[in-house]
Amino acid sequence: MGALIDAWRRLRALVRRQELEDRLDDEIRFHVEQQVEKNRRGGMAPDEARRQALIRFGGVEQVREGTRDEFRAARLEHFARDVRYGLRSFCHHPAFSAMAVLSLAIGIGANAAIFGVVQTMLFRASPLTQPETLVNIYETEGGRGFNPMSHPNIEDLRKGTTQVFSGIAASTFFPAPIDSSGTATIVMGEVVTGGAFALLGVEPLFGRAILPEDDVARGGHPVVMLSYGYWQRAFGADPQVVGRTLRLGGRAYTIIGVAPAHYRGAFPLLTPAFYVPMAMANELMGVEMLSQRNSHSFFVKARLAPGVTREQAEHSASLVAESLTRARPEGWVPGERFSLVSTSDVQIYPGVDPLLRAAALLLGGVVGLVLLLACTNLASVLLARTLDRGREVAVRRALGATRGTLVRQLLVESALLGFGGAAAGLVLALALLHVLVSIDLPLPYGLKLDLNFGINSTLLFNWRVLAFTAGAGVLTGIVLGLVPALQGTRADLNSALKSGSRGSDAPGPLRWRNALVVAQVAMSLVLLVGAGLFLRSWQQMLSVDPGFGRAPTSVLSLMMPVARLTPDQTVQRTRRVLERFRALPGVEAAGLVWPLPLEFAASFTDFTIDGRVLPSDREAFRADRATVDGAFFDAAGMAIVAGRTFGEGDRRDTQPVAVISQAMARRYWPNGDALGRILRRPDPAEPDLVVVGVASDINVRSLGEAPRDVVYENYAQGHGSPMFNFVVRASTDPARITPALVAATREIDPDLQVVQSTTMAQHLAMSRLPSQIGAFMLSVFAATAMALAAIGVYGLVRYTVAMRTREVGIRMALGADAADVSRLLATNGLRLVLIGGAIGIAGSLLVARFISTLLFGVGRFDPIALIGAPFVLGVVAWLAAYLPARRASRADPLAALRTE
Amino acid sequence: MTKDRSDVLQGTLDMLVLRALQLEPMHGWGITERIEQWSEHVLQLGQGTLYPALYRLERQDFIRSEWRVTDNNRRARYYSLTARGRRHLNESLAQWKRMSRAINLVLDAVN
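Quick notes on the rules
- Residues numbered from 1 in each chain as written.
- Chains lettered and ligands numbered in written order.
- Predicted model: local features only at pLDDT ≥ 70, side-chain atom pairs only at ≥ 80, totals over all residues.
- Helix = DSSP H or I, 4+ residues; strand = E, 2+ residues; numbered from the N terminus.
- Buried ≥ 20, exposed ≤ 12 C-beta atoms within 10 Å, placed from the backbone.
- Contact = placed C-beta atoms within 7 Å.
- Expected span 1.5 Å × (residues − 1).
- Axes fitted to C-alpha atoms, helices over the stretch in contact; angles between N-to-C directions.
- Parallel < 35°, antiparallel > 145°, perpendicular 65-115°, else oblique.
- Left-handed = near helix turned anticlockwise from the far one by under 90°.
- Nonpolar A, V, L, I, M, F, W, Y, C, P; charged D, E, K, R; others polar.
- Pairing = 2+ DSSP bridges.
- pLDDT = per-residue confidence, 0-100.
- Core = buried A, V, L, I, M, F, W, Y, C linked by C-beta atoms within 7 Å.
- Domains from an automatic or database assignment.

Trainee: Can you walk me through the overall build of chain B in this structure?
Mentor: Looking only at helices and strands, one finds 4 helices and 3 strands in chain B. Helices (α) and strands (β) of chain B occur, in sequence order from the N terminus, as α-β-α-α-β-β-α. Taking all 111 residues of chain B together, the buried fraction comes to 28%.

Trainee: Got a minute to help me understand the overall build of chain A in this structure?
Mentor: From N to C terminus, chain A includes 28 helices and 22 strands. A total of 900 residues make up chain A; the buried ones form 43% of that total. Contacts in chain A between residues far apart in sequence, at least 24 positions, make up 81% of those at least 6 positions apart.

Trainee: Help me understand helix H4 (residues 83–108) of chain B, please; the structure alone is not making it clear to me.
Mentor: A turn of α-helix holds 3.6 residues, and therefore any two residues three or four places apart point the same way. The end-to-end C-alpha distance of H4 of chain B, which contains 26 residues, comes to 37 Å, matching closely the 38 Å that a straight helix rising 1.5 Å per residue would cover. Burial analysis of H4 of chain B places just 2 of its 26 residues in the buried class, which makes it a mostly uncovered element.

Trainee: How do you make sense of the environment of leucine 433 of chain A when you look at a structure like this?
Mentor: Note that leucine 433 of chain A resides in helix H14 (residues 403–437). Put simply, leucine 433 of chain A and glycine 116 of chain A are 317 residues apart on the chain and 8.0 Å apart in space, counted from C-alpha to C-alpha.

Trainee: Can you help me understand the packing of helix H7 (residues 151–160) of chain A against helix H11 (residues 310–327) of chain A in this one?
Mentor: Each pair of packed helices gets described by two things: the angle between the helix axes and the distance between those axes. Residues and elements named next belong to chain A. As a packed pair, H7 and H11 sit with axes 9 Å apart at the nearest point and diverge in direction by 125°. Between H7 and H11, the crossing angle belongs to the class labelled oblique. H7 and H11 meet at a crossing whose hand is right-handed. Contact residues: H7 offers Asp156, Leu157 and Gly160, while H11 offers Ser316, Ala317, Leu319, Val320 and Leu324. Taken together, the residues of the contact of H7 with H11 break down into 5 nonpolar, 2 polar and 1 charged.

Trainee: Looking at this structure, how should I read the sheet that holds strand S1 (residues 26–27) of chain B?
Mentor: The strands making up a sheet are joined through hydrogen bonds of the backbone, oriented either antiparallel or parallel. All names here are of chain B. Strand order in the open sheet formed by 3 strands is S1-S3-S2, and the pairing between neighbours is antiparallel. The sheet is open, and its two edges are formed by S1 and strand S2 (63–69), each paired on a single side. Pairing between S2 and strand S3 (residues 75–81): 7 bridges, direction antiparallel. Across the sheet, residue isoleucine 63 finds its bridge partner in S3, namely leucine 81.

Trainee: Which parts of the structure should I look at to understand unusual backbone geometry?
Mentor: If a residue is not glycine, its phi is most likely negative; likewise, a peptide bond is most likely trans. The step from tryptophan 594 of chain A to proline 595 of chain A runs through a cis peptide bond, and the omega angle for that step is -10°. Among the secondary structure elements, proline 595 of chain A is positioned in the loop between strand S13 (587–594) and strand S14 (604–607). With a phi close to 55°, glutamate 40 of chain B is a non-glycine residue in the positive phi region. As for its placement among the helices and strands, glutamate 40 of chain B is situated in the loop between helix H2 (28–38) and helix H3 (47–59).

Trainee: Can you walk me through the pairing of strand S8 (residues 251–258) of chain A in this structure?
Mentor: Regular strands place their side chains on alternate faces of the sheet. All names here are of chain A. Bridge analysis of strand S5 (residues 206–207) against S8 gives 2 bridges, and the strand direction is antiparallel. Within S8, the residue paired with glycine 207 across the bridge is glycine 257. Where strand S7 (residues 245–248) and S8 come together, 4 bridges link them in antiparallel fashion. Note that in S8 the partner of leucine 248 across the bridge is arginine 251. Counting the residues between successive antiparallel strands, the hairpin from S7 to S8 contains 2 residues, one of them, glycine 249, with a positive phi of roughly 55°.

Trainee: Would you mind showing me how to read the interface of chain A and chain B here?
Mentor: In many reports, interface size means the accessible area that the parts give up when they come together. Listed per partner, the contact involves 16 residues of chain A and 14 residues of chain B. Of all the secondary structure elements, the ones that give two or more residues to the side of chain A that touches chain B are helix H2 (17–41) and helix H4 (60–71) of chain A. Class assignment for the residues of the side of chain A that touches chain B results in 5 nonpolar, 6 polar and 5 charged.

Trainee: In this structure, what is going on with the packing of helix H26 (residues 818–851) of chain A against helix H27 (residues 863–890) of chain A? I would like to understand it.
Mentor: All names here are of chain A. As a packed pair, H26 and H27 sit with axes 8 Å apart at the nearest point and diverge in direction by 155°. Relative to H27, the element H26 lies roughly antiparallel. Crossing of H26 over H27 shows right-handed handedness. Residue-level inspection shows Ala818, Val821, Ser822, Leu825, Ala826, Gly829, Leu830, Val833, Gly837 and Ile841 of H26 in contact with H27, the latter providing Pro870, Leu873, Gly874, Ala877, Trp878, Ala881, Tyr882, Ala885, Arg886, Ala888, Ser889 and Arg890. For the contact of H26 with H27, a count of residues per class yields 15 nonpolar, 5 polar and 2 charged.

Trainee: Honestly, the confidence of the model for chain B in this entry has me stumped. Any pointers?
Mentor: If pLDDT is low for a region, its predicted coordinates should not be looked at in detail. Residue and element names in this part refer to chain B. Chain-level pLDDT for chain B is 82 on average; 86% of the residues reach the 70-or-more range. pLDDT under 50 marks residues 1–7. Its contacts with residues more than four places away, or in other chains, come to 4 contacts. Across the interface, the model reports ipTM at 0.84; the global pTM reads 0.56.

Trainee: Would you mind going over the environment of phenylalanine 146 of chain A with me for this structure?
Mentor: All names here are of chain A. The topology assignment puts phenylalanine 146 in strand S2 (residues 144–147). Linking phenylalanine 146 and tyrosine 349, residues 203 residues apart in sequence, is a C-alpha distance of 8.2 Å. With sequence-adjacent residues up to four places away left out, phenylalanine 146 is seen in contact with Tyr138, Thr140, Ser339, Tyr349, Pro350 and Gly351.

Trainee: Honestly, the nonpolar core in this entry has me stumped. Any pointers?
Mentor: Taken as a class, soluble globular proteins show a tendency for nonpolar side chains to be buried jointly. All names here are of chain A. Grouped together as the largest cluster of nonpolar side chains are 124 residues, with contacts concentrated most on Val224, Met225, Leu558, Ala658, Ile660, Phe726 and Val728. Each of two domains, domain 3 (143–334) and domain 5 (561–751), supplies a minimum of three residues to this core. For methionine 225, the contacting residues outside a window of four places in its chain are Pro204, Ala209, Ile210, Ile256, Gly257, Val258, Ala259, Phe274 and Tyr275. In terms of nonpolar packing, the next biggest core, distinct from the first, is built from 102 residues, Ile108, Val518, Leu778 and Leu788 among them.

Trainee: In this structure, what is going on with the confidence of the model for chain A? I would like to understand it.
Mentor: All names here are of chain A. Of all residues in chain A, 83% have pLDDT values of 70 or greater, and the mean over the chain is 79. Ignoring residues within four places in sequence, the model shows residues 453–457, a span with pLDDT below 50, making 12 contacts including any to other chains. Note on residues 499–508: pLDDT is under 50 here. Beyond four places in sequence and across chains, it has 20 contacts.

Trainee: Looking at this structure, how should I read the environment of methionine 278 of chain A?
Mentor: Residues and elements named next belong to chain A. Along the chain, methionine 278 turns up in the loop between strand S9 (274–277) and helix H10 (281–285). The spatial distance from the C-alpha of methionine 278 to the C-alpha of glutamate 190 is 8.8 Å, given a sequence separation of 88 residues. Setting aside chain neighbours within four positions, we find methionine 278 in contact with Ala170, Val191, Val192, Thr193 and Asp215.

What follows is the structure, encoded as structure tokens:
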């Protein structure tokens, strides 16, 4: 209250300034005249009396100025002066200022970016109406796991829970090729049940949503609702889009509406381009999705009927599961249950949410630690600097500055640093967020990870983030400045002036700071070693030969219109495609394969071998499987090391045959007599195979893996597959023949969907992506930690230097040379670096043991990482310790003695 | 600064000014005269400090001021204590007495 009144007075004083000036003039005039009169009464001549009175009064102008200070808004002006002074002093110490600001910017920037992400995730308003009455339903086996549901199960659940649910909505995703002239664009599509939008309470932006009437007859409702983002991207936000068509799977779909911007689909992170009715699922995906009970593909949300609790609904659902277990329909796993999770409790997916939360916590902890380290650095640098200025402080106090004035001055300076750090941190955070949301992982099949949880640059200028950043900066500055400011100004005036005593060298805080420097060094070393191991692993991976695709090769993934074609027709269609491809100029070989090696889709087959005993706990041997044509091995650059590949004579009506991998041949027939052997398969749907050839080994699941057992089946003798990868070896740049391949496909059958067109080089790069990301992330963290540790060491040595200037002066006066002195000053810092380094190496050996499974081709005692990382850190730390020490040692000994 | 005059420290200046105003409202000149008189001409206020002090004390709400006419019909700015100022003076005086007694005790201590 007093402060408010004071502020009001000052404000009024500003307005009434002229009035006050006049009043002061009147008062001074009166004062002088009184003195003149007194002098005259004392017997002076009039002139002399006036002269003496003015002398006695002193400088009129000084009095005016001194008094003005009182009625001006003095504190404001002092503040401005402090700010100016502070800025000037930063300019005199650019290195110090830059370091402090940078250190804080790293800490604050990382925190603001993470805070930005977290706050968008936490404060994101649900786009659904009454989300508290919605539940996600999953299938669990024995109470474990959260599996998507199968369509028949959803239908049974729907019938059995009409009392507790007012509605159930299901949806799933599929990669959808969009027909556009010449190039294949793949986007994510979402199929939804007819009532989904109404149930969730999502109103279309315009047009209409998908209604129950749109989801009645299988294949009978070619309508599509666009997502907001896709409408923006592909249709330029055309308001007349309703009524136009979108070609999907060779059929024209009528656009009926556009979803609102805030609705991003049923599954977080994967925002679809459009929504189509569930009735179209089979046709669009080319496989039977709806009638198979063991096809778990659907994400389900249900709304609780009014007054029904989740527990009651859970009970009803368990009754349905029990009756299914009793009835045992085909595909139902006895003991399977339905699991209900409140929709608002689900961040991404119940199976990964705990992991996600742990990761968020860990990340938050790491960036919090980074800020802590940054603050420690700033604190020790500030303290060193305040002590450096001990003499300045003493002189200013002697000249009459109060301790309060000095503390205020120092606090303004550290708050300015904090503010600078916050501003720089904000820029950094903006850049970080930008990188984060623009991450475009080269995922196959048009999969796009939607990391943009509504984050955009405007988010950063959201008041929460701004307030957080600015507050963190200024508060950090003030809190960190307070201790040095109080300590630095506490020194007894006399002794400070005389001896340059720099206040107490409190051993407690110093020891604490030493410990922090040790921790910083140790931590950054662990991260550096980790980064080194991952970089080495990535480097090793680059030189791995996967056994296929070394030549320039193009890969085209085609989806067959299987709903329309018989298996034989599919074979004919693919054969025609292959023949056309082979006829194209620049093509050397063309074959097909499913799945593509080193792709996340893995397929395997069970078999037994006559005369070979199975292990007691197994019912069959198991090998990876790929369906190929005879030319695949040549096109992929593999060799047939024994026997033959598939030929024209291997047809649906002849003996099914197989080519096996060399590793498999060696394992089961070490004598080299694999050819002609029979693989007996227990699954009645799969015929027994006769081995006719052995192919060279390739990496199937991961780069550089030990050679696996692989059974190659002949596509011409199989069931036909909805999708094939056409592998085309070219004599030129494979990217250049891709358009010709796409055009050729279109000519043969416009309904052949190009799901993906890529090159083998890109495909192989993708399989190296995880280790690349790991190496990149760890390198960034390691570099940050190292920078902070270096700043920490620098600050500490700088502090030591500030404390021991006098000692240095004496030593140099007694004949020590610069090298001796800098060694002396840097010793403490380097000792801490050595301790930290030792702890760090021990820590890295421990950590390396845990990450060794993630490493490839690199032992956990990799000498390059284990020697290189400490070396890099050592050089950086040595520089950080040596530079300030050397500067101190360069000082003139006389000047050093005198400053004290 | 001459030898026979003692400078007045800032903290004590405020106290002296308030003390001078304790009995009756006065103008700036009067305060100078009163303090000089009371101190038997040892303390002479520099005007360079008096007027800033007056304006400061007024801002702190320890004194207030108004124009009045003097005995010989001159217009002058008269300062008077506020209740807050009176309280502040009493506190300062009490503290000063404690302080000076302590200092005297030290100075008069027999070795």
